[in-house]
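Here are the chains, one letter per residue:
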Amino acid sequence: MGNHHSHEPQPDWAAIERAQRERQEAEERQRQAEEAARHAREAAERAAREAEQQRQREREAQLAAERAAQAAREEAERMRRQREEAERAERRAREEAEARAREERARAERIAREMEEERRRQEAERLAAIAAREEEARRQRAIEEEARRARQAQEEAERQAREAAEAARRAQAEREEVERQLKKGIRPVVMPTAEEIRLAKAKVQYKDTIFHFAVAGIAGSGKSSLINALCGMNNNDPNAAPTGVNETTLEISRYVDTAHSQQFAWYDVPGSGTLTIPDWQYFNAQGLYIFDCILVLFNNRFTMTDRAILANCRRFQIPTFIVRSKSDQHIFNLMKDMGYDPDEEDTHRRGQFYKAAREQYISETRESVKNNLAEANLPDQRVYIVSNKTLLGAVNDKGPKRMIDEVELLTDLYSEAYRSGKFS
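What you see is a predicted model, and the numbers here were worked out from it, not measured in a lab. The numbers attached to residues start from 1 for each chain and follow its sequence in the written order. Per-residue local features of the predicted model are confined to residues with pLDDT of at least 70, and side-chain atom pairs are confined, for both listing and counting, to 80 or more; whole-chain, interface and lining totals are unaffected and use all residues. Hydrogens and water molecules were not included; the side-chain quantities draw on all heavy atoms of the structure.

**Student:** Can you walk me through the packing of helix 9 (residues 388-395) against helix 10 (residues 406-419) in this structure?
**Tutor:** Between two packed helices, both the angle of their axes relative to each other and the distance between the axes serve to describe the pair. Helix axes use the C-alpha atoms of the stretch in contact, all axes being lines fitted to C-alpha atoms, and the angles between their N-to-C directions lie in the range 0 to 180 degrees. We count a stretch as a helix when DSSP gives it H or I for four or more residues in a row; a strand needs E for two or more, and each element gets its number in order from the N terminus. Running from N to C, helix 9 and helix 10 cross one another at 60°; their axes reach a closest spacing of 9 Å. In this view, helix 9 runs oblique relative to helix 10, as classed from their interaxial angle. Considering the relative orientation of helix 9 and helix 10, their crossing is right-handed. For the pair formed by helix 9 and helix 10, the contact residues are Thr 390, Leu 391, Ala 394 and Val 395 on the first element and Glu 406, Val 407 and Leu 410 on the second. Three classes are used: nonpolar for Ala, Val, Leu, Ile, Met, Phe, Trp, Tyr, Cys and Pro, charged for Asp, Glu, Lys and Arg, and polar for all others, with Gly counted as polar. Per-class residue counts for the contact of helix 9 with helix 10 are five nonpolar, one polar and one charged. Relative orientations are named as follows: roughly parallel for angles under 35 degrees, roughly antiparallel for angles over 145 degrees, roughly perpendicular for angles from 65 to 115 degrees, and oblique for any other angle. Rotating anticlockwise by less than a right angle from the far helix to the near helix defines a left-handed crossing, while the corresponding clockwise rotation defines a right-handed one. Two residues qualify as a contact provided that any one of their heavy atoms is within 4.5 Å of a heavy atom in the partner residue.

Pasting the structure below:
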């Protein structure tokens, strides 16, 4: 029996240990799986609880919103009822106010009718009183008017008597003036007709947009040289007015300053005293009445023709300028009369002679013109004393020396032109 046991196989302890380890590992894995499952269940339960809590909060929020909406609806309904009640109250108040207003209007209209009736009654009484006063005033005015007509008739008779006496006086004065002028050789000027004015303007190419200067005076007074200087030309320029000792102008000649050709025109009028131009016909014969301005030029003496031109210009309301030219020549002649020797080289003595001669020449010229104007019963006016050479330098901006009235003449001529309104 014993021998039989001694021959049984030995246990495989390595396999047993391996099996135990595998069982332990399996148990550990199971335990971990159970732990993971437990955690998962706990997480799921926690998520479920949170979801339930969220649903609970949402239900509570929905209930709160529903309660708020219900409250808002109830408030809106309450306000609607209040508004309707206010509208009903307003309507009632308006209706009551309109009713009161109608009553007030009716009462006011009744009072106005009563007042209008009273006013008409008073107005009728006032008009009746006015009519009575006016009738009385009318009768009084009729009496006064009759007296006034009588006074007017008397005054008219006296006025006509005065006018007749004045007309007789004027006629006598005009007759005496005509006789006086005829004695002095000045013939009366006949007023030109419209046709004569038209022909005279056509003859000189008169334009309404241009200012027309006429230079008139006796033969040999230097009209052409003056016009040349005013136009900025020397006497030997191709377009200059011809000059000479004898009268060179037999017809009115027209000249323009190229710098002002659209503004000014200058006219050289034939000098009086020539065989073909008697003195007494000078003004009308030359058509001087159509010019915008006339320069009366004289040289050595102020003649009856110059007086006649000035008098007729006053009659036709034509601006005039009295001009004495050739002043440098006249002053030089006075210097020689004072004892100046042209060959003398002493410039200081020459300056003294020039100053004395210049002052004497200016004084004598102004006094002569003043006396002549007074003798002709013409108002005093300035005489412009110029030298044509100096005037030319002033026109051309050459700054000439020894000027007298050259700049003043230019300034006053242009001022007269611009005052005419032709260039506005």
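**Student:** Even after reading the chapter, I still don't get the nonpolar core, so can you show me in this structure?
**Tutor:** In summary, soluble globular proteins display a tendency toward joint burial of nonpolar side chains. Joining through side-chain atoms within 4.5 Å is the link that ties buried Ala, Val, Leu, Ile, Met, Phe, Trp, Tyr and Cys residues into a set, and such a set is a nonpolar core. Relative accessibility decides the category of a residue: with a 1.4 Å probe and only protein chains considered, values under 20% of the type maximum give buried, values over 50% give exposed, and everything between is partly exposed. Counting residues in each nonpolar core, the largest one holds 31 residues, and the members touching the most others are Phe 283, Leu 288, Phe 291, Ile 294 and Ile 322. With sequence-adjacent residues up to four places away left out, Phe 291 is seen in contact with Val 204, His 212, Phe 213, Ala 214, Ile 252, Tyr 267 and Ile 318. With 28 residues, the next largest nonpolar core counts Phe 211, Ala 229, Leu 295 and Leu 410 among its residues.

**Student:** Help me out: how do you make sense of the pattern of salt bridges in this one?
**Tutor:** When their charged atoms lie close together, side chains carrying opposite charge are able to pair. Here, a salt bridge means any side-chain nitrogen of Lys or Arg that lies within 4 Å of a carboxyl oxygen of Asp or Glu. Scanning the entire structure with this criterion turns up 33 salt bridges. The shortest N-O distance in the salt bridge between Glu 28 and Arg 31 comes to 2.1 Å. Of the two residues, Glu 28 and Arg 31 both sit in helix 2 (residues 13-184), three residues apart, roughly one turn of that helix. Of the residues examined, Glu 28 reaches a relative accessible area of 31% and is grouped as partly exposed. With relative accessibility at 45%, the residue Arg 31 sits in the partly exposed group. The closest approach of N and O atoms between Arg 80 and Glu 84, which form a salt bridge, is 2.6 Å. In this pair, Arg 80 and Glu 84 are both assigned in helix 2, four residues apart and thus about one turn of the helix distant.

**Student:** Sorry if this is basic, but what is going on with helix 8 (residues 347-375) here?
**Tutor:** Note: α-helices contain 3.6 residues per turn, so residues at a spacing of three or four share the same orientation. Multiplying 1.5 Å by the residue count of a helix minus one yields the expected span of that helix. Here helix 8 contains 29 residues, and its C-alpha end-to-end distance of 42 Å stays within 8% of the 42 Å for a straight helix at 1.5 Å per residue. Among the residues of helix 8, those classed as buried are Phe 353, Tyr 354, Ala 357, Tyr 361, Ile 362, Thr 365, Val 369, Asn 372 and Leu 373. Buried residues in helix 8 make contact with strand 4 (293-298), helix 6 (304-316), strand 5 (320-324), helix 7 (327-337) and strand 6 (383-385). At the C-terminal side of helix 8, Asn 377 shows a positive phi close to 55°.

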